[in-house]
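Observations on chain architecture
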Number of protein chains: 4
Amino acid sequence: MYNLLRGKRGIIFGALDENSIAWKTAERVREEGGIFVLTNSPAAMRLGSISELSILTGAQIIAADATSVEDLENLVDRSVEILGGKIDFVLHSIGMSVNVRKGNHYTNENYEYTEKGWNVSALSFHKLLQVLYKKEAMNEWGSIVALSYMASQRVFPDYNDMADNKAYLESVARSFGYFFGKDKKVRVNTISQSPTPTKAGQGVKGFDEFIEFAEKMSPLGNASALDCANYTVAMFSDLTKKVTLQNLYNDGGFSNVGVSQEVLENFKK
Amino acid sequence: MYNLLRGKRGIIFGALDENSIAWKTAERVREEGGIFVLTNSPAAMRLGSISELSILTGAQIIAADATSVEDLENLVDRSVEILGGKIDFVLHSIGMSVNVRKGNHYTNENYEYTEKGWNVSALSFHKLLQVLYKKEAMNEWGSIVALSYMASQRVFPDYNDMADNKAYLESVARSFGYFFGKDKKVRVNTISQSPTPTKAGQGVKGFDEFIEFAEKMSPLGNASALDCANYTVAMFSDLTKKVTLQNLYNDGGFSNVGVSQEVLENFKK
Amino acid sequence: MYNLLRGKRGIIFGALDENSIAWKTAERVREEGGIFVLTNSPAAMRLGSISELSILTGAQIIAADATSVEDLENLVDRSVEILGGKIDFVLHSIGMSVNVRKGNHYTNENYEYTEKGWNVSALSFHKLLQVLYKKEAMNEWGSIVALSYMASQRVFPDYNDMADNKAYLESVARSFGYFFGKDKKVRVNTISQSPTPTKAGQGVKGFDEFIEFAEKMSPLGNASALDCANYTVAMFSDLTKKVTLQNLYNDGGFSNVGVSQEVLENFKK
Amino acid sequence: MYNLLRGKRGIIFGALDENSIAWKTAERVREEGGIFVLTNSPAAMRLGSISELSILTGAQIIAADATSVEDLENLVDRSVEILGGKIDFVLHSIGMSVNVRKGNHYTNENYEYTEKGWNVSALSFHKLLQVLYKKEAMNEWGSIVALSYMASQRVFPDYNDMADNKAYLESVARSFGYFFGKDKKVRVNTISQSPTPTKAGQGVKGFDEFIEFAEKMSPLGNASALDCANYTVAMFSDLTKKVTLQNLYNDGGFSNVGVSQEVLENFKK
């Protein structure tokens, strides 16, 4: 469309199927001239259709368990090799709560599950950043984005322990972003997206009611996966070089609305 | 560069001289294919060199006192006429404190000056939005940006009553952004920019120390006027269609840093 | 009850009738051993029943238009005289929007009304602080509280220009609180209270629906006027000496809830 | 002093020595008429002098490893038994980073250490809340406070992975606070305290410079351990019944100051 990412190289985590935000981002990045490697965990790769995306975008796939430092090291090394140079952009779009999957209520967590979900959803971001940092794999003015959700800041009762994981993730973006900025001139941000009917989103209990509530609360309606892909492209581009350590809401305004007229209508007698 | 704003029409307030953020924005918008009208108050026009910018960008100038609803109505009507259609983007970059100019400390305000500064710096944004809204002058998915500064959220002692004006301005962006979003599908945001050595910035007492402090606190250093222009272009473009009611920090990370190592060095014995 | 305010002297603005937060605060402060002067505008005094409160609490009443520096000077001078010493606590509970009263929608403001509402609701707090500061009328470790509402931070569509006024008020608390802290060791905070069925609250359009919505969103339910009075007592007491420049939510948790299960129930098909 | 906590029963975690915030809190709670059980990990008990505090306050000590659900269950059961009724207040003051202890930089974490620190500092709070919730051990209108630090929200480079742990902790306070509020009428908050020269605080690299910086940034100076104890008493008392899900800054105003005049002095040429 605009050639915003011409000449830029990247890694995109978490494209499962065509509803994934990471999938839409890969498509949009490709349209903007960026090249990249796709990655996902072996398990997620079996579930989804990432090979189709690989064909669509001409991107190679490297499987990696994001909780394994060794896998991440291999991923980064091979990506630099395949792409022919250091990395300019990275999308971290990974999240999973075993407590949610198993139907454990937030007040009845199984702490082995909690640890597993935290490791996959939150600590994986630190591991990824640490591998990129130590290997000096990022170009100056590169841009790293992780996807978050507002449950990190306010309570959404069904979001369970993913809320706490996202709070940790956002903190890692700030804490590591400081050193990545000072030492390597790389920016690190999170995008806090509207509820989105992806595979992961739909796993959350009461998702349908919630997405309708959010739609009615948001002055511009919910942001779609494509909207998120576009915003991510802007964050990867050279237009946002000094934006870092931020949690950026892409949500049609939801985050700054206390109540909307449509929602209040429901409370009229 | 990218043709991000091809076919879009706008109004840019507040370009005084080549150091102005609005000046840089006008240049960048032009490069991206946008067309626009330039405006400033008659007094500011005499002080600065806006006619030079008019020649550089091929934009017409319409003088308008932003505290005058009548002037704003005329500005909007003529802009639509000149540009040949409804408006897609607006930059509000207006701020002035009479108390600062007259050297009144924040604890010794002259309230006539306070009212004047509030009217120019904060209420002008509501007036502008109300005129655009009533005249139905904005296209759907248009984007309105006002420049703010972090003193709206945290204390910078020399920023004086401009802090309170910026807090009001940011609130107007949210409050009016709600209705502009719901009713017209237009987004309204503020960009909270690093201290920038513009004419207005340099008027603030202790500006040199402060800009150096901010530089040392910010992992990526202070954002320049050009950085802000680029971010504004991203906010005007179709890449950020669902971002609204936000206060967006363009500050090299300053806003999320509690202290930096460089600043702490100054406190070593 | 606890003698938390024994020996402390203060000024309480804004007690209109027995539903007022200021009224409940006056009663609770008296119970805790504090003595004070009551004040309100002459107009508000005619509307309400402040003389009854005066009898109940043994407090003298001094009329003052909070937009008049002269009135505020007289109020402070006489309060110090009557109470026999400098001031330890002040409650600012003043707010009024002429646009709301006249039924002007937020997108159709009359700017004379806007200026009037801003002067009464927001600038009055700066005037009060400036008078107290210049007259050195506060004791060290004194505490000043202004009442605010969350519309300053997020949109509540019917709150109209009071939202922007409260944003300005909260900014004044920070900006002036800085100097009051550094120079006089006085703390300045705002309490952001649940919607409360006071005379002022009930003037807001759609108040009944809104208070029910807030009740269902808040894990502990809405905070009452008495709850607010209790919190204010805590903020006036010596238990909170280092809390300053804060906006403190007294709202049953509303401010940090994205959605509650009860509210989602309304969106089930 | 005021009998604010007469008749209330509680559990206080984390009193190591007389500099501990938990130690001061125990003393102040006792003065206010509250009774409680003291607890700490067996390791911390050997390091510190908690038995002295036990004598001073007449409180029994029950050792508990806060990462062990079994230990927490035993602690809660025995506390209810010893104190003769359900619990009204709990202080969680626990934090430890193995990476900090071992001198690992934030960009060079050992992830086994990270997991251990997260378990002790952050997940322990969820475990504690879950045990209290399941056992229905809290009285209605009880109050639970955990100590946090602003590194959860903004970067303090030497705070290391404790920043991310505190972000997780604050999220748990919100997430669990929601259910504890709705289901049991119990409030859950965090207090975000000034840097404090406790044993834990002093372990942070560059602590002396940092505490001086914070002192100069804070309009009222840093809050001491005693100040924090007083604020905690206020949060345990019936004066703050509707305050929940909040992160409350007790920091002399630091959190809302962008820069102070004293700090800027250091940047004058």
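Relevant structure appears above.
What you are looking at is a predicted structure, and each value in this text was computed from that prediction instead of being measured.

Rules and cut-offs
- Counting from 1, residues in each chain are numbered in the order their sequence is written.
- Chain letters start at A and ligand numbers start at 1, both assigned in the order the entries are written.
- In view of the model being predicted, local features appear only for residues whose pLDDT reaches at least 70, and side-chain atom pairs are presented and counted only at 80 or more, with totals across whole chains, interfaces and linings using the full set of residues.
- Processing note: side-chain calculations cover all non-hydrogen atoms of the structure and skip hydrogens and water entirely.
- Only DSSP runs of H or I reaching four residues or more are called helices, and only runs of E reaching two or more are called strands; each is numbered from the N terminus.
- As a reference, a globule follows 2.2 Å times the number of residues to the power 0.38, and the radius of gyration itself is taken over C-alpha atoms.
- Only protein chains enter the accessibility calculation, which uses a 1.4 Å probe; a residue whose area is less than 20% of its type maximum is buried, one above 50% is exposed, and one in between is partly exposed.
- Only heavy atoms enter the contact rule, under which two residues are in contact if any of them lie within 4.5 Å.
- All accessible areas in this document rest on Shrake-Rupley with a 1.4 Å probe, and a residue is counted as covered only by the protein chains that are shown.
- In this comparison the copies share one frame, found by least squares on the C-alpha atoms of residues holding pLDDT of at least 70 in both.
- Interaxial angle, 0 to 180 degrees, is taken between N-to-C directions of lines fitted to C-alpha atoms, where a helix line uses only the stretch in contact.
- Here roughly perpendicular refers to angles of 65 to 115 degrees, roughly parallel to angles under 35, roughly antiparallel to angles over 145, and oblique to all remaining angles.
- By the definition used in this description, the sense in which the near helix is turned from the far one sets the handedness, with an anticlockwise turn below a right angle giving left-handed and a clockwise turn giving right-handed.
- Residue polarity follows a fixed list, in which Ala, Val, Leu, Ile, Met, Phe, Trp, Tyr, Cys and Pro are nonpolar, Asp, Glu, Lys and Arg are charged, and the others, Gly among them, are polar.
- When two components associate, each loses some accessible surface as probed by a 1.4 Å sphere; the sum of these losses over both components is called the buried area.
- One speaks of a salt bridge when a side-chain nitrogen belonging to Lys or Arg is within 4 Å of a carboxyl oxygen belonging to Asp or Glu.
- Any N or O atom pair separated by 3.5 Å or less is treated as a polar contact, with the protein-specific requirement of one donor-capable and one acceptor-capable atom, and with residues adjacent in sequence counted only for side-chain atom pairs.
- Paired strands are those between which DSSP finds at least two bridges.
- A 1.4 Å probe that fits but cannot get out identifies a cavity on a 1 Å grid over protein atoms alone, an open set with protein on both sides within 12 Å along at least five of seven lines counts as a pocket, and a residue lines either if it has an atom within 4 Å of a point.
- Grid points are joined across faces, edges and corners, and a volume is the space filled by probe spheres set on the points.
- If the strands point away from the viewer and the path from the first strand over the helix to the second runs clockwise, then the crossover is right-handed.

**Some thoughts on the overall build of chain A**
Helix and strand counts for chain A stand at 11 helices and seven strands. Here the C-alpha atoms of chain A give a radius of gyration of 18 Å, agreeing with the 18 Å that 2.2 N^0.38 yields for 269 residues. Its C-alpha atoms give chain A principal-axis dimensions of about 65 × 45 × 40 Å. Within chain A, buried positions represent 68% of all 269 residues. Here the contacts in chain A between residues at least 6 apart in sequence split such that 76% fall between residues at least 24 apart. Accessible surface, chain A as shown: approximately 8,600 Å² in total, 45% of it carbon and sulfur.

**Observations regarding the relation of the copies chain B and chain C**
Aligned on chain C, chain B shows an RMSD of 0.0 Å; the corresponding rotation is 180° and the shift along the axis is 0.0 Å. These values place the two chain copies in the arrangement generated by a two-fold rotation axis. Residue Y168 of chain B of chain B places its C-alpha closer to the rotation axis than any other residue of that unit, at 2.6 Å.

**Some words on the packing of helix α4 (residues 69-83) of chain D against helix α6 (residues 111-134) of chain D**
Residues and elements named next belong to chain D. Where α4 contacts α6, the axes come no closer than 9 Å and their chain directions differ by 45°. In terms of axis orientation, α4 runs oblique to α6. Once α4 is placed against α6, the crossing between them reads as right-handed. Of the residues in α6, those in contact with V69, L72, E73 and V76 of α4 are S124, K127, L128, V131 and L132. Partitioned by chemical class, the residues of the contact of α4 with α6 number six nonpolar, one polar and two charged.

**Overview of the interface of chain B and chain C**
Interface extent is often summarised as the accessible area lost during association of the parts. Each partner contributes to the interface: chain B provides 34 residues, whereas chain C provides 34 residues. Taking both partners together, chain B and chain C bury about 3,200 Å²; carbon and sulfur atoms supply 64% of that area. The largest per-residue losses of area from chain B upon contact with chain C belong to Y106, T107 and Y111 of chain B, which jointly make up 21% of the total buried on that side. Between the two partners, chain B and chain C, sit zero salt bridges. There are 26 residue pairs in polar contact (both at pLDDT 80 or more) connecting chain B and chain C. Mapped onto the side of chain B that touches chain C, the elements with two or more residues apiece are α6 (111-134) and α7 (162-184) of chain B. Counting residues per element, the side of chain B that touches chain C draws most heavily on α7 of chain B, at 12 residues. Its residues placed into classes, the side of chain B that touches chain C shows 16 nonpolar, 11 polar and seven charged.

**Some remarks on the interface of chain A and chain B**
On the chain B side, the residues contacting the 48 residues of chain A number 49 residues. Taken together, the two surfaces of chain A and chain B that pack against each other cover about 3,700 Å², and 58% of this comes from carbon and sulfur. On the chain A side of the contact with chain B, L220, L239 and K242 of chain A bury the most area, a combined 23% of that side's loss. Between the two partners, chain A and chain B, sit four salt bridges. As a salt-bridge pair, D227 of chain B and K242 of chain A come within 3.5 Å of each other at their nearest N and O atoms. Seen at the junction of chain A and chain B, the total is 19 residue pairs in polar contact (both at pLDDT 80 or more). Elements represented by at least two residues in the side of chain A that touches chain B include exactly α7 (162-184), α9 (207-217), α10 (225-236), β7 (247-250) and α11 (261-265) of chain A. When grouped by side-chain class, the residues that make up the side of chain A that touches chain B number 19 nonpolar, 17 polar and 12 charged.

**Looking at the sheet that holds strand β5 (residues 138-148) of chain D**
Residues and elements named next belong to chain D. Spatial strand order, β3-β2-β1-β4-β5-β6-β7: seven strands in an open sheet with parallel pairing. The open sheet has two free edges, formed respectively by β3 (61-63) and β7 (247-250), since each of these has just one partner strand. Across the sheet, the mean angle from the axis of one strand to that of its neighbour is 20°, orientation sign disregarded. By the bridge criterion, three bridges tie strand β2 (residues 35-40) to β3 in an arrangement that is parallel. Directly across from N40, in β3, lies its bridge partner A63. Against the sheet, α6 engages β1 (9-13), β4 (87-92), β5 and β6 (187-193), with an angle of about 170° to β4.

**What about the pairing of β4 of chain D?**
Residues and elements named next belong to chain D. Extensive coverage of β4 is indicated by the burial of six of its six residues. Relative to β4, β1 runs parallel, the two being bridged by three bridges. Each residue of the ladder has a partner; that of G10, found in β4, is F89. Relative to β5, β4 runs parallel, the two being bridged by five bridges. In the strand pairing of β5, H92 is matched with A146.

**Here we look at empty space enclosed by the protein**
Regions of empty space are outlined by a rolling probe, equal in size to a water molecule, passed over the atoms. Scanning the entire structure with this criterion turns up 13 cavities of 30 Å³ or more. Approximately 1,700 Å³ is the volume found for the largest cavity. Lining the largest cavity are 44 residues; nearest its centre among them are Q153 of chain A, Q153 of chain B, Q153 and R154 of chain C together with Q153 of chain D. For the lining of the largest cavity, the elements supplying multiple residues, two or more each, are α7 and β7 of chain A, α7 and β7 (247-250) of chain B, β7 (247-250) of chain C together with α7 (162-184) and β7 of chain D. Counted by class, the lining of the largest cavity contains 12 nonpolar, 21 polar and 11 charged residues.

**So, the relation of the copies chain A and chain B**
To go from the first copy of the chain to the second, apply a rotation about an axis and then a shift along the same axis. Aligned on chain B, chain A shows an RMSD of 0.0 Å; the corresponding rotation is 180° and the shift along the axis is 0.0 Å. Both copies present the same face, since 100% of the interface residues in chain A are matched by interface residues at the equivalent positions in chain B.

**Structural notes on the side chain of T190 of chain D**
All names here are of chain D. Relative to the helices and strands, T190 resides in strand β6. Among the polar contacts made by the side chain of T190, one reaches the side chain of N247 at a distance of 2.8 Å. Aside from chain neighbours lying at most four places away, what touches T190 is A146, S148, L169, E170, A173, Q246, N247 and L248.

**Concerning unusual backbone geometry**
For W141 of chain A, which is not glycine, the phi dihedral falls at a positive 65°. Following the sequence through the fold, W141 of chain A ends up in strand β5 (residues 138-148). Residue W141 of chain A is classed as partly exposed on the basis of its relative accessible area of 23%. Within the chain, N3 of chain B stands out as a residue other than glycine whose phi angle is a positive 65°. Mapped onto the fold, N3 of chain B is located in the segment before β1 (9-13).

**A closer look at the pairing of strand β2 (residues 35-40) of chain C**
Residues and elements named next belong to chain C. The element β2 is extensively covered by neighbouring structure, given that five of its six residues are classed as buried. The pairing of strand β1 (residues 9-13) with β2 spans five bridges and is parallel. Paired with I11 across the two strands is V37, which belongs to β2. The parallel pair β1 and β2 is bridged by helix α1 (residues 21-31), and the resulting crossover is right-handed. Relative to strand β3 (residues 60-63), β2 runs parallel, the two sharing four bridges. Each residue of the ladder has a partner; that of V37, found in β3, is Q60.

That is the geometry; function is a separate question.
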